[in-house]
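Structure at a glance
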Amino acid sequence: MSNGSSQVASADRGAWKSKLGFILAASGSAIGLGNIVFFASNAYQYGGGAFYLPYFVALFVIGIPVMIMEFSLGTMTGQSFPMALNRLVGKKGEVMGWFTMASALFITMYYITILGWALSMMFGAMGGLLTDPAVAPFTPFETPSGGPSATAYFFGLIATWKPMLAVVTIWVLTVLILWRGTSTIEAAVRVFVPLMWVFMIVLIVRGLTLDGGTDGVLYLFTPNLDGVSDINVWQGAFAQMFFSLSLGLGTMTAYASYLPKDADQINNSLLVSFLNCGFEYIAGVAIFAMLFVFALNPAGSTLSLSFFVIPQGIAAFPVGVKLFGTLFFFLVVIAGLTSAVSLVEGFAASIIDKLQISRTTALTMVLVPGIVGSLAFALPQIIDPGLSGNGTLGLTLLDILDHWAFRYALIFSGFMQCILIGWVFGADRLRQAANKYSKFHLGPWFNWLIKLVIPIMLGYVLVGTLIEDLTQDGGLYGSLYDLNAFEWLPTVIPLVWFVGSIALAVYLTFGRPTEQAPVA
Ligand code: PHE
């Protein structure tokens, strides 16, 4: 799949020192907020055991095959996502690739804001967050103010400028880890990834040894087929799986492009997927154990489970409240940091490959809009004192953008990749390329998975979600918020995301020359 010049071009792009380095980096990308914050709240929302079947279908029928495809794109071409697609299917692939990368940039912005909040909560946990009765400056959910309340603490916190400092800190750390490309990424994941496994195991042991801790496990593991007929559960499972495995945002292709051509991508996909989903279930067990022991009710937004409910549980521990509280948020921060690094690398590598610019220039080009975006989500309450109900402007912005980018971008990208690779490039050529260096061989069934089964499933969920979104009472998502002067937000945010992504995609694909010609 490559010509001589691409090998020369890719020689100084960077390369993993070892297979272990790559596996640590790719699993560090996969394991993140998705595994801790979003999985538990999705699994709860969709009914624990009812989430099971859609989840495993999403893993085996969609997740692993799409990961094999995204990894193979990287090793077949030695390029990051948009340019890899350009090599294989031409400009139509590249334009789709840039659309995906634009969404990745939007998602990175709020992903890093959430990490900033987690970092602030970590410092809070070292201090009085879990031990002192919190006094909130206002009462968004009208939650208790008597005992230590993480909710009150959180809303008090985001009303100040402090999280903005935390957001800048996370961005700086991310860029430092990316400074020298694969070598600095590898050094960081060698420390952080094993550390997060150790911390998670400490937390699960603590959860299970609490009186009654095993009830939560039963809730999570007792299969229940109720959810199977509900499109929302499938939608939730597919979006969760894409996000959790870092698929549909070009990340895995960028990471795989630093591997030698003869890497066994089938083996790598299985390994990374199982590490990720194993971690996810361990995190789920630790969290559900706590929910059941302390009879906590995680209703509310996606973030509320990890930011309000878990701390509430930890505050009730017999001993080690500060220690476990700090540990929990530190875990969220390092797990998220290794994912944020991969998100930014996906974008930076793409513009390096396209524009042939230096890494420093590329990182600056991501950092400037990235930091502005992340700070917008961290804007304190004082900017919008009139907002009621669901909190601050930043949190509302984040929730609305997350709705569109998270629910559509990743699945749409997966759908388009299957169409382009399956039908234009040829699913069989992809299969041959993956089989060439693999001990385990994919049969012809794989072709039909890529050409038909996965696109039909993803297409069904996409169309179903869109119909639901456009026909629901009360207007577009977010219209029900009490937004006062900001009532244009629910319309403007999806427009900015969609039109902005298309404009960037068209400009970079057709407005900027490409160094190498496609070889497909
Ligand atoms: N997989 C990461 C998580 O679970 C998020 C992510 C998605 C990272 C896509 C990179 C690309 O938190």
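Residues numbered from 1 in each chain as written. Predicted model: local features only at pLDDT ≥ 70, side-chain atom pairs only at ≥ 80, totals over all residues. Heavy atoms only, no water.

**A look at the environment of L495**
To keep things clear, this is the line we draw: Secondary structure elements are defined from DSSP: runs of H or I of at least 4 residues count as helices, runs of E of at least 2 residues count as strands, and each element is numbered from the N terminus. A 1.4 Å probe rolled over the protein chains alone gives each residue an accessible area, and that area as a share of the maximum for its type sets the label: buried under 20%, exposed over 50%, partly exposed in between.
Along the polypeptide, L495 turns up in helix 19 (residues 489-511). L495 gets classed as partly exposed once you look at its relative accessible area, which sits at 48%. Sequence separation between L495 and W404 is 91 residues, and the spatial gap between their C-alpha atoms is 9.8 Å.

**A look at the packing of aromatic side chains**
The condition is simple: Note on aromatic pairs: the rings of Phe, Tyr and Trp (six-membered ring only in Trp) are paired at centre separations within 6.5 Å, and the planes decide the class, stacked below 30 degrees, edge-to-face beyond 60, tilted for the rest. Cation placement over rings: the criterion is NZ of Lys or CZ of Arg within 6 Å of the ring centroid and within 35° of the ring normal.
Counted by the stated rule, this structure contains 35 aromatic pairs. An aromatic cluster of three or more residues is present, and its members are F39, F51, Y55, F56, F60, F274 and Y281. If you follow R206 out to its NZ or CZ, it ends over the ring of F317, 5.3 Å from the centre. Sitting over the ring of W448, K451 keeps its end group 5.0 Å from the ring centre.

**Thoughts on the site of the ligand**
Keep this limit in mind: A cutoff of 4 Å decides nearness: a residue is near a molecule or strand if any of its heavy atoms lies inside that distance of it. Polar contacts, as counted here, are pairs of nitrogen or oxygen atoms within 3.5 Å of one another; within protein the pair requires one atom able to donate a hydrogen and one able to accept it, and residues that are adjacent in sequence qualify only if both atoms are side-chain atoms. Only the protein chains shown count as cover for residues, with accessible areas throughout obtained via the Shrake-Rupley method and a probe of 1.4 Å.
Inspection of the region around the ligand gives 15 residues, with A30, G34, Y111, F243 and S246 positioned closest. At 3.0 Å from an oxygen atom of the ligand is found a main-chain nitrogen or oxygen belonging to L33. At 3.2 Å from an oxygen atom of the ligand is found a side-chain nitrogen or oxygen belonging to N35. Bound to the protein, the ligand loses 100% of the 320 Å² it would expose on its own.

**Examining the packing of helix 10 (residues 214-221) against helix 13 (residues 265-293)**
Rule in force here: Every angle, taken between N-to-C directions, lies between 0 and 180 degrees, and every axis is a line fitted to C-alpha atoms, over only the stretch in contact when it is a helix. Roughly parallel means an angle under 35 degrees; roughly antiparallel means over 145; roughly perpendicular covers 65 to 115; every other angle is labelled oblique. Here a crossing is taken to be left-handed if its near helix is turned anticlockwise relative to the far helix by less than a right angle, and right-handed if that turn runs clockwise. Note on contacts: a residue pair is in contact if any heavy atoms of the two residues lie within 4.5 Å.
Relative orientation of the contacting elements helix 10 and helix 13 amounts to 125 degrees, with a least axis distance of 7 Å. Here helix 13 runs oblique to helix 10, going by the angle between their axes. Crossing of helix 10 against helix 13: the hand is right-handed. From helix 10, D215, G216, V217, Y219, L220 and F221 reach across to helix 13, where they touch Y281, G284, V285, F288, A289 and F292.

**With respect to unusual backbone geometry**
Although it is not a glycine, S246 sits at a positive phi angle of roughly 55 degrees. Along the chain, S246 falls in the loop between helix 11 (231-244) and helix 12 (251-256). Of note in this structure, Q356 is not a glycine but carries a positive phi near 55 degrees. Relative to the elements of secondary structure, Q356 occurs in the loop between helix 15 (321-355) and helix 16 (359-377). For Q356, a relative accessible area of 45% translates into the label partly exposed.

**Examining the pattern of salt bridges**
The cut-off we apply is this: By convention in these notes, a salt bridge is any Lys or Arg side-chain nitrogen within 4 Å of a carboxyl oxygen on Asp or Glu.
Under the criterion given, the structure shown has five salt bridges. Here E94 and K354 are joined by a salt bridge, their closest N and O atoms 2.8 Å apart. A residue pair is termed long-range when its members are at least 10 positions apart, and E94 in helix 6 (residues 91-126) and K354 in helix 15 qualify at 260 residues. Relative accessible area serves as the criterion here: at 1%, K354 is assigned to the buried category. Salt-bridge contacts for D428 lead to R431; the nearest nitrogen and oxygen are separated by 2.9 Å. In this pair, D428 and R431 both sit in helix 17 (residues 393-436), three residues apart, roughly one turn of the helix. Accessibility expressed as a relative area gives 12% for R431, which makes it buried.

**So, the confidence of the model for the chain**
What counts is decided by this rule: Confidence of the predictor in every single residue is expressed as pLDDT, which spans 0 to 100.
Summary statistics for the chain give a mean pLDDT of 87 and a share of 89% for residues scoring 70 or more. The weakest mean pLDDT in the chain belongs to helix 1 (residues 4-11) at 40; the strongest belongs to helix 12 at 98. In this model residues 1-11 is a low-confidence stretch, pLDDT under 50, and it forms 14 contacts with partners more than four residues away in sequence or in other chains. Segment residues 136-145 is flagged for pLDDT under 50; beyond a separation of four residues in sequence, or across chains, it makes 14 contacts in the model.

**A few points about helix 2 (residues 19-30)**
Counted only if it meets this: In a helix, the anticipated span is given by 1.5 Å times the number of residues less one.
With twelve residues, helix 2 should reach 16 Å at 1.5 Å per residue; the first-to-last C-alpha distance of 16 Å fits that figure. Within helix 2, ten of the twelve residues are buried, which leaves it mostly tucked inside the rest of the structure. Here helix 2 has its buried residues at G21, F22, I23, L24, A25, A26, S27, G28, S29 and A30.

**Some points on the nonpolar core**
Applicable threshold: Throughout, nonpolar core names a set of buried Ala, Val, Leu, Ile, Met, Phe, Trp, Tyr and Cys residues whose side chains join them through atoms within 4.5 Å.
Within the largest apolar cluster, 181 residues are counted, with the highest numbers of intra-cluster contacts made by I114, W117, F154, F307 and W497. Top element by residues in this core is helix 15. It accounts for 21 residues. Excluding its chain neighbours within four sequence positions, the residues that come into contact with F307 are I114, W117, A118, M121, A150, F154 and F329.

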